[in-house]
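# Breakdown of the fold
Chain residues, written in single-letter form:
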Amino acid sequence: MEIGCEELPAQEQPRLLQAAPEIFQGLLDEAGIAFGVVHGFVGPRRLALLVEDLALETQAREEWRRGPSLDRAFTADGQPSAAALGFARSCGVAPDALEELATDKGPVLAFRVVTPAQSSARLLPGIAQRWLQTLPLRKRMRWGERDDRFSRPVRWLVLRLGSQVLPWQSFGLEAGAASRGHRVHHPEAVPLPVLRDYPTLLREAKVRADWHERRQHILRELSCLAEKLGAQALLDDALADEITGLNEWPVALAGSFDPDYLRVPEAVLRTVMVQHQRYVPLRGGDGRLAPHYLFIANIASRDPQVVVRGNDRVLRARLADAAFFWDQDRRRSLASRLPELDALLFQDGLGSMAEKSHRLEALARSLAVAFGLDPRAAAHAARLCKADLLTGMVGEFPELQGIMGGHYARHDGEDEAIATAIAEQYRPAGRDDPLPESPLGRILALADKADTLWGFFAIGQIPSGDRDPFGLRRAALGILRIALEGSGLSLRQLLRAAADGYGASLHLADPEAVTESAWAFVQERLRVLLRDEGFAADQIQAVLAVAGDDPIAARRRLESLAEFLRLHESADALAALIKRINNLLRKEDLGSLPQCNPDRLQEPAEIALWREYSALQEALIPLLAAGDFAASLDLLAGLRSAVDRFFQEILVLCEDARLRANRLALLAQIQKSFLQIADFSLLQGRS
């Protein structure tokens, strides 16, 4: 099966390559069609599946529909009961067509449903259409006057079962027998006499249909070219994937540019080559960028130098623009541009970039004090950090914002720590993006993300579903990643400090409600982050219920809890006892309970529990203060036998109100100790 279309977006192809075979296998299983291996193929102009050993028909299936039990199926005079008649009607048969079926719960009336074998050839067109509609495409488009939608306009269809062409109609097209080759090298049809030879036949038509094989071919070709030039190819996975998705018949070529452009910062050169042209930069043996680059052409030209000269010309124009902006921008300092930030809008409802800079200045200063850094340096970095938005370079290459600010700050003679912080302010931009390496950079990044997050929540621009146009999930994840690499951070305090920066400018009735909403949003991202690290969902819930404000403390508690539950032999029993304590205290007003008075304890079991609990407190308090949750849990686990004996021998909810309150107070103190680590009542699957 093949869908031929206009150029599929390169970023969609890896996901389609994984999902398309999985979806089709599920549909075949659902239809009852046996099959062997399902191969997926994706490229700029096609999405295809090759299914080996497909059964020509489904297997006949026999199923039983169960009805009422025999003792309810007949009346006293042996006639079918209302239940039996209703069941027969639901099956579409007369009551005498029903049969008796023995089950583990006794005999019941049942109806045998026999599904005869069906031809795979008859089922496959419908399966293909369902598969097409289920594909995970980011966006579907219409073209012409039709209502059918696909990622790009569809130009041909193939649906073959062996030599038989199946009647599949979609997008106003009828499925044919042949594929098509390369748009230039082999524009005519490609017959498929033997379907197993699909990738080989397409390769002869100048199409490398196998995505992984095509990617490996590209990597080998680029590596060979780089070696010939005595350089190292700067090719990451994202660029390799994109190049693979852009080319059907990849041919590696090398180009060059004037070495004078190497005076422009490397980040600019790499952005121009990678982000704008999909070229592969080269690093020479001296560690600097080389005045050469590699690229992949989707054509085997008779004269490759014509292709190289054309790409050189395009790159030269882009580099000339970059060099011009580099020279022009350095004629003015970042500080001289600050007044112009008043005219640059941050966000409608949240003021200008100048106002944001003022908020960042105050927030960075307070964070610096909290982390023991120079508040004046932090405030100065925040004051300058948005000025590069007014430069020509960032106007032409927006992805360089912050990075260029760092370069211009160095040129202005600013301290290296200031320049580095400005360059790192937007990190991390994604899940795999590097974190800020400098202390001031981390503070500036936290301030920027917290200000943005709180501000957008204040004006009601909260992400919903898959929609997150302002990147607030990314901002929250960035805050968490920085916090988890630090030495402790209160998320609530960070967001409250961000709220203070806005003051009364937004005229909000309840700013604290905005803070709580933003905090819950960040905490949910923390839940996802910890789950991705492999922690169990119930353990995450138990820890975040008591320690969701400081990500590092939450992770430490979680690591200790997971280890304790995995290794400690009494963990399950202890968890059950703590749940029992929680259940007893659930309806109590804990604030009104007095402190446990040991003089009022009467029974040996409660006196023993009090003594053991009091004895371990001396060691427990410093352990909890030091964040040694593993040792704290081990210590608390020693209470198990005393708590167990307490529940066996003591009636907690006795008639004597003072005695009952004292016993509840004792349990409340024990509960409080455990709640400093996790809420054990939220753990699942513990008996």
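Description of the structure in this document. Note that this is a predicted model, so its numbers are computed, not measured.

What follows deals with the overall build of the protein chain. Regarding its fold elements, the protein chain presents 26 helices and 19 strands. Rg of the C-alpha trace for the protein chain: 34 Å, well past the compact-globule value of 26 Å for 687 residues, more than 25% over. If you line up the protein chain on its principal axes, its C-alpha atoms span 100 × 90 × 50 Å. Per-residue burial for the protein chain yields a buried fraction of 47% across its 687 residues. Contacts in the protein chain between residues far apart in sequence, at least 24 positions, make up 66% of those at least 6 positions apart. Summed over its atoms, the accessible surface of the protein chain is roughly 33100 Å², and 49% of this surface lies on carbon and sulfur atoms. Each charge class in the protein chain was averaged separately, 82 positive and 93 negative side chains, and the resulting centres sit 3 Å apart.

One open sheet holds the three strands; their spatial order is β4-β6-β5, and the pairing between them is antiparallel. Two strands in the sheet have a free side with no partner beyond their single neighbour: β4 (61–69) and β5 (99–101). Ignoring which end each strand starts from, the neighbouring axes of this sheet average 50° apart. Bridge count for β5 against strand β6 (residues 108–115) is three bridges, and the pairing is antiparallel. Looking across to β6, one finds that Leu 101 is bridged to Val 108.

Judged by pairing direction, the sheet is antiparallel, and its four strands sit side by side in the order β14-β16-β17-β15 without closing on themselves. Either end of the sheet is taken by a strand with one partner, and the two such strands are β14 (232–233) and β15 (251–256). The sheet contact formed by β14 and strand β16 (residues 280–283) spans two bridges and is antiparallel. Within the sheet, the bridge partner assigned to Ala 233 lies in β16 and is Leu 282.

On to the packing of helix α15 (residues 416–424) against helix α16 (residues 439–458). In helix packing, the relevant descriptors are the interaxial angle and the interaxial distance, both defined with respect to the helix axes. Direction vectors running N to C along α15 and α16 enclose 40°, while the axes themselves pass 8 Å from each other. The pairing of α15 with α16 is recorded here as oblique in orientation. By crossing handedness, the relation of α15 to α16 is classed as right-handed. Judged by residue contacts, Ala 417, Ile 418, Ala 421, Ile 422 and Glu 424 of α15 engage Leu 440, Gly 441, Leu 444 and Ala 445 from α16. Looking at the contact of α15 with α16 residue by residue, the classes come out as seven nonpolar, one polar and one charged.

Time to look at the layout of surface pockets. For the second largest pocket, the calculated volume is near 460 Å³. Along its surface, the second largest pocket is lined by 24 residues, and Leu 50, Val 51, Arg 160, Gly 162 and Leu 195 are the ones closest to its centre. Mapped by element, the contributors of at least two residues to the lining of the second largest pocket are β3 (46–51) and β8 (160–161). Residue composition of the lining of the second largest pocket, by class: 17 nonpolar, two polar and five charged.

This part is about helix α6 (residues 211–228). Helix length check: α6, at 18 residues, gives a terminal C-alpha distance of 26 Å against a target of 26 Å (1.5 Å per residue), a fit within 8%. Among the residues of α6, the N-terminal cap falls to Asp 210, whose side-chain oxygen and the backbone nitrogen of His 212 are separated by 3.0 Å. Remark: Gly 230 follows α6 within two positions and exhibits a positive phi of approximately 65°.

Another aspect to go through is unusual backbone geometry. Cis geometry is adopted by the peptide bond preceding Pro 428, which originates at Arg 427 and carries an omega value of -10°. Along the polypeptide, Pro 428 turns up in the loop between α15 and α16. Located in the positive-phi region is His 507, a residue other than glycine, with phi close to 55°. For His 507, the location among the structural elements is in the loop between α18 (491–502) and α19 (511–532). Given a relative accessible area of 71%, His 507 falls into the exposed group.

A word on the side chain of Arg 214. Tracing the sequence through the fold places Arg 214 in helix α6. Among buried charged residues, Arg 214 stands out as having no salt bridge; its nearest opposite-charge side chain is Glu 213, 6.6 Å away. Within polar-contact distance, the side chain of Arg 214 engages the backbone oxygen of Val 42 at 3.0 Å. Leave out the neighbours within four places in its chain, and Arg 214 touches Gln 13, Val 42, Gly 43, Pro 44, Arg 208, Ala 209, Thr 244, Gly 245, Asn 247, Glu 248 and Pro 250.

One finds Met 393, Trp 454 and Phe 680 to be the most contacted residues of the largest nonpolar core, which totals 138 residues. Setting aside residues no more than four positions away along its own chain, Met 393 makes contact with Val 268, Ala 322, Phe 325, Trp 326, Asp 329, Leu 400, Met 404 and Tyr 408. Counting residues in each nonpolar core, the second largest holds 39 residues, with Ile 33, Val 38, Leu 47 and Trp 211 among its members.

Moving on to the packing of helix α17 (residues 472–484) against helix α21 (residues 551–567). It is the contact of α17 with α21, at a shortest axis distance of 8 Å, that shows an interaxial angle of 65°. Taken together, α17 and α21 sit at an angle that is classed as roughly perpendicular. Listed contacts from α21 to Leu 480, Ala 483 and Leu 484 of α17 are Pro 551, Ile 552 and Arg 555. Of the residues that constitute the contact of α17 with α21, the class distribution is five nonpolar, no polar and one charged.

Attention shifts here to the pattern of salt bridges. Across all of its chains, the model carries 42 salt bridges by this definition. For Arg 215, the salt bridge identified is with Asp 237, shortest N-O distance 3.4 Å. Separated by 22 residues along the polypeptide, Arg 215 in helix α6 and Asp 237 in helix α7 (residues 237–246) bring together distant segments of the chain. Taking relative accessible area as the criterion, Asp 237 reaches 56% and is therefore assigned exposed. Between Lys 386 and Asp 448 there is a salt bridge whose closest N-O contact spans 3.0 Å. You can see Lys 386 sitting in the loop between α12 (375–384) and α13 (392–396) and its partner Asp 448 sitting in helix α16, a full 62 residues away along the chain. Residue Asp 448 is classed as buried on the basis of its relative accessible area, which comes to 8%. Residues joined in a network through salt bridges with shared partners are Lys 356, Arg 359, Lys 386, Asp 448 and Asp 451.

Conventions and cut-offs
- Once a new chain begins, its residue numbering starts again from 1 and follows that chain's sequence as written.
- Where local features are concerned, this predicted model is filtered to residues with pLDDT of at least 70; where side-chain atom pairs are given and counted, the filter is 80 or more; whole-chain, interface and lining totals use all residues.
- Note that the side-chain values use all heavy atoms of the structure and ignore hydrogens as well as water.
- The helix and strand labels rest on DSSP assignments: H or I over at least four residues marks a helix, E over at least two residues marks a strand, and numbering proceeds from the N terminus.
- Just to be clear, the radius of gyration here is over C-alpha atoms, and the globule rule we use is 2.2 Å times residues to the power 0.38.
- Only protein chains enter the accessibility calculation, which uses a 1.4 Å probe; a residue whose area is less than 20% of its type maximum is buried, one above 50% is exposed, and one in between is partly exposed.
- What makes two residues a contact is simply this: any of their non-hydrogen atoms within 4.5 Å.
- Reported accessibility uses the Shrake-Rupley method at a 1.4 Å probe radius. Residues are deemed covered only where the shown protein chains occlude them.
- Just so you know, the count uses Lys and Arg for positive and Asp and Glu for negative, and it drops His and the chain ends.
- By convention, the charge on Lys lies at NZ, on Arg at CZ, on Asp at CG and on Glu at CD.
- Criterion used throughout: strands pair if DSSP finds at least two bridges between them.
- Helix axes are fitted to C-alpha atoms over the stretch in contact, other axes to C-alpha atoms as well, and angles between N-to-C directions run from 0 to 180 degrees.
- Comment on the angle field: the value is read as roughly parallel under 35 degrees, roughly antiparallel over 145, roughly perpendicular from 65 to 115, and oblique elsewhere.
- Left-handed describes a crossing whose near helix is turned anticlockwise from the far helix by less than a right angle; the clockwise case is right-handed.
- Think of it as three bins: nonpolar holds Ala, Val, Leu, Ile, Met, Phe, Trp, Tyr, Cys and Pro, charged holds Asp, Glu, Lys and Arg, and polar takes everything else, Gly as well.
- Every definition here rests on a 1 Å grid over the protein atoms only: cavities are sets of points where a 1.4 Å probe fits but cannot get out, pockets are open sets enclosed by protein on both sides within 12 Å along at least five of seven lines, and lining residues have some atom within 4 Å of a point.
- Grid points are joined across faces, edges and corners, and a volume is the space filled by probe spheres set on the points.
- In a helix, the anticipated span is given by 1.5 Å times the number of residues less one.
- Pairing of N or O atoms within 3.5 Å defines a polar contact, subject to two protein rules: one partner must be a possible hydrogen donor and the other a possible acceptor, and residues neighboring in sequence count only if both atoms are side-chain atoms.
- Just to be clear on terms, a salt bridge is a Lys or Arg side-chain nitrogen sitting within 4 Å of an Asp or Glu carboxyl oxygen.
- Each nonpolar core is a collection of buried residues, namely Ala, Val, Leu, Ile, Met, Phe, Trp, Tyr and Cys, held together in the definition by side-chain atoms within 4.5 Å.

Just distances and angles here, no functional claims.
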